[in-house]
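Structural characterization, general
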Amino acid sequence: MILMKISIVIATYNRITELAELLESIHKQTVAPYEIIIVNDAGETILPLVELYKEMPIKAIELEENVKHVHARNIGVNYVTGDVIMLCDDDDFLTENHLKRIQNELKTADFVYSDAEIVSFETKGNIRYPLARRTFAYHYDLQAMREFSTYIPSGSAYKKELHDQIGLFDPEVHNYWDWDFFLRAAKVCRVKRIPIASVIYAFTENGNNQSADLTNKRKHYLDKLCEKHQLGDLPTKNFFVLLE
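Residues numbered from 1 in each chain as written. Predicted model: local features only at pLDDT ≥ 70, side-chain atom pairs only at ≥ 80, totals over all residues. Heavy atoms only, no water.

1. Remarks on the overall build of the protein
Condition: Numbering of helices and strands runs from the N terminus; a helix is a DSSP stretch of H or I covering at least four residues, while a strand is a stretch of E covering at least two. Radius of gyration means the value over C-alpha atoms here, while the globule rule gives 2.2 Å times the residue count to the 0.38 power. By definition in these notes, contact holds between two residues if any of their heavy atoms fall within 4.5 Å. To measure how exposed things are, a 1.4 Å probe is used in the Shrake-Rupley method; for residues, cover is taken only from the protein chains shown. Charge convention: Lys and Arg are scored as positive, Asp and Glu as negative, and His as well as the terminal groups of each chain are ignored. Taken as the charge location is NZ of Lys, CZ of Arg, CG of Asp or CD of Glu.
Each helix and strand counted, the protein has eight helices and nine strands in total. Relative to the globule expectation of 18 Å for 244 residues, the C-alpha radius of gyration of the protein, 17 Å, shows essentially globular dimensions. Projecting the C-alpha coordinates of the protein onto the three principal axes gives extents of approximately 50 × 45 × 35 Å. The long-range share in the protein, meaning contacts at least 24 apart out of those at least 6 apart in sequence, stands at 74%. As presented, the protein carries roughly 11,800 Å² of accessible surface, and 49% of it is formed by carbon and sulfur atoms. For the protein, the distance from the average site of its 28 positive side-chain charges to the average site of its 36 negative ones is 4 Å.

So this is what it looks like as C-alpha cells:
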C-alpha cells in the first residue's frame, strides 16, 4: 500500500520561539512529512528560522498584509501538493510518533484527530515553563459536538479532497472556524478519533490565544456559527465548562 503524503499547514504570527519548538518536534517524528507549509501572517520574518532546517521540506510564505489566522490557513491549503493536510498552530508540540499514528489511521478514515494535553505556560526569556496541564480526551459524539466542541484541530489530518467537497475554512465564524469545519466535514467523511494525547496544546485562560478571548466580538462569531448549523443559543464560556 502506498502511504499518503502528509502536508503540514501552519499559520504563524510573531511566535518565533514557539514555532521553533514545533519544527523541532516535527523534525523528530518517526515518519517525515511530505511538506511543511508555513504562512507568516505579516509578522516578524521566519526565514532565519527556516534556514536552520534546510533538510526539512519547508515552504515559507511571507504575507505583506495581516489577513488573520483563518485566511492565512486558507492560503496555506492552496499551496498543498500532498494527499493529506495536517493542521498545526504555531505554538503546538507533537510527540514523536504522532505522524506515524495519523498515517496509519488514515487507511480506514478520511479525517482523524487525536486527544491533546492542554498545557498552560509561563514564558521567561525565550523559554516556556509549564504551569498546569489537563488531558483533553472525549469520545467522538457528533450529536454532543453540537453543544460542546471536543475537537482540537492541532495535529488533526484529513484527505485534501475534503476541501473540494465542503470548501475552505470559513472566516465569517473566525474564532470558531475549527468547530464549523469539523461539523461540515463530519457530514461527508469518515471521522476517527485517536485516543492518545499526542499533541501538546498551549492554552491560558487569561492569555492572548483565541480560546481565551471572551469579548462581544467572540459572541458575535459564536452566534454566526449557531445560526449556520442551527445549534441554538450557546454560551461563549462553553469551552471552559467542558474543561471542568
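Once the structure has been displayed, the description carries forward.
2. What to know about the pairing of strand β1 (residues 6-12)
Worth spelling out the cut-off: Any residue under 20% of the maximum accessible area for its type is buried, any over 50% is exposed, and the rest in between are partly exposed; the area is computed with a 1.4 Å probe on protein chains only. We call two strands paired when DSSP finds no fewer than two bridges between them.
Of all seven residues in β1, seven are buried; the element is thus mostly enclosed. Judged from the six bridges that link them, β1 and strand β4 (residues 84-89) form a sheet pairing that is parallel. By the bridge assignment, Val-9 is partnered in β4 with Leu-87. Alignment of β1 against strand β2 (residues 35-40), held across six bridges, turns out to be parallel.

3. Considering the packing of aromatic side chains
Put simply, the test is: Pairing of aromatic rings covers Phe, Tyr and the six-membered ring of Trp, with a centre-to-centre limit of 6.5 Å; geometry is then stacked below 30 degrees between planes, edge-to-face above 60, and tilted otherwise. By definition here, charges over rings are those cases where NZ of Lys or CZ of Arg is within 6 Å of the ring centre and within 35 degrees of the ring normal.
In the structure shown here, the tally under the stated rule is 15 aromatic pairs. Ring plane angle 80 degrees and centroid distance 6.5 Å describe the contact between Tyr-113 and Tyr-140, whose orientation is recorded as edge-to-face. Taken as a pair, Tyr-113 in strand β6 (residues 111-124) and Tyr-140 in the loop between β7 (127-136) and β8 (157-159) lie far apart in primary sequence, 27 residues in all. Assessed through its relative accessible area of 31%, Tyr-140 is described here as partly exposed. Ring geometry for Phe-169 and Trp-177: centres 5.0 Å apart, planes at 70 degrees, overall edge-to-face. Accessibility expressed as a relative area gives 4% for Trp-177, which makes it buried. Here the basic side chain of Lys-124 rests over the ring of Tyr-129, its NZ or CZ set 5.8 Å away from the ring centre.

4. Looking at helix α4 (residues 98-105)
Our working definition: What the arc measures is the spread of directions leading from the helix axis to the C-beta atoms.
Buried residues of α4: His-98, Leu-99, Ile-102 and Gln-103, and no others. Relative to the axis of α4, the buried residues are bounded by an arc of 130 degrees and lie together on one face. Tucked into the core, α4 has its buried residues touching β1, β4, β5 (93-94), β6, β8 and β9 (191-202).

5. Description of the side chain of His-69
Note on placement: His-69 falls in helix α3 (residues 69-78). Overall, the relative accessible area of 15% leaves His-69 in the buried class.

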